[in-house]
Amino acid sequence: MARTLSGVTDSPQLEQARYVLNSLREAGVTPVRGDVAEGDEIIQSIREETARATHVFVDLTEYNLNVCLELGVADTLGRPTFLFGCEGTEKTPFRCIEKRRIHIYGEKL
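These remarks concern the structure in this document. (Residues numbered from 1 in each chain as written. Predicted model: local features only at pLDDT ≥ 70, side-chain atom pairs only at ≥ 80, totals over all residues. Heavy atoms only, no water.)

### Description of the packing of helix α2 (residues 42-52) against helix α3 (residues 65-76)
Part 1 of the argument: Contact geometry for α2 and α3: axes closest at 10 Å, N-to-C directions at 40°. The angle between the axes of α2 and α3 places the two elements in the oblique class. Seen from above, α2 lies across α3 with right-handed handedness. Of the residues in α3, those in contact with Ile43, Ile46, Arg47 and Thr50 of α2 are Leu69, Glu70, Val73 and Ala74.
Part 2 of the argument: Taken together, the residues of the contact of α2 with α3 sort by class into 5 nonpolar, 1 polar and 2 charged. (Axes fitted to C-alpha atoms, helices over the stretch in contact; angles between N-to-C directions. Helix = DSSP H or I, 4+ residues; strand = E, 2+ residues; numbered from the N terminus. Parallel < 35°, antiparallel > 145°, perpendicular 65-115°, else oblique. Left-handed = near helix turned anticlockwise from the far one by under 90°. Contact = heavy atoms within 4.5 Å. Nonpolar A, V, L, I, M, F, W, Y, C, P; charged D, E, K, R; others polar.)

### Details of the side chain of Thr61
Part 1 of the argument: Following the sequence through the fold, Thr61 ends up in the loop between β3 (55-59) and α3.
Part 2 of the argument: Thr61 gets classed as buried once you look at its relative accessible area, which sits at 1%.
Part 3 of the argument: A polar atom in the side chain of Thr61 sits 2.6 Å from the side chain of Asp59.
Part 4 of the argument: Reaching out from Thr61, the side chain makes a polar contact with the backbone nitrogen of Cys86 at a distance of 3.1 Å. (Buried < 20%, exposed > 50% of the residue type's maximum accessible area, 1.4 Å probe, protein only. Polar contact = N/O pair within 3.5 Å; in protein donor to acceptor, adjacent residues only side chain to side chain.)

### A look at the pairing of β3
Part 1 of the argument: Counting buried positions over the 5 residues of β3 gives 4, a clear majority of the element.
Part 2 of the argument: Pairing of β3 with strand β4 (residues 81-86), which is carried by 4 bridges, proceeds in the parallel orientation. Residue pairing for β4: Phe57 is matched across the bridge by Phe82.
Part 3 of the argument: Each parallel crossover has a hand, and for β3 linked through α3 to β4 it is right-handed. (Pairing = 2+ DSSP bridges. Right-handed = clockwise from strand over helix to strand, strands pointing away.)

See the structure below:
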C-alpha cells in the first residue's frame, strides 16, 4: 500500500496526478488517501493510513499546507517518500524541503 497526497486543483495537474495514480495501480500498488474520512477524524485517518503505508508519494504542486503536514507525518514515522510536482515546484518556500529531490513533471509525462 502506498499513500498518495495531492493538492492539485487545475486540470493539467489533475490529469498528471491521475496518470501517476494509474501508473501506481498498474504496478500493483494500492493508492490510499489518508485525508478521506468522515466527520472530524481526518487527522486520525492521516496518521493511520500513513502508519500502514510502505511508501508515501507526495504531490507538492502548489504547496498545499495539508499536504506538507502529511509529509511531516510520513517523515516522523520514517516512511520512504517520493516527492513530485509540476514545473515550478522545485522553487520551494520551505527550507526543510529545498534540499530534497523533487521530481518534476511537465505538460507531458
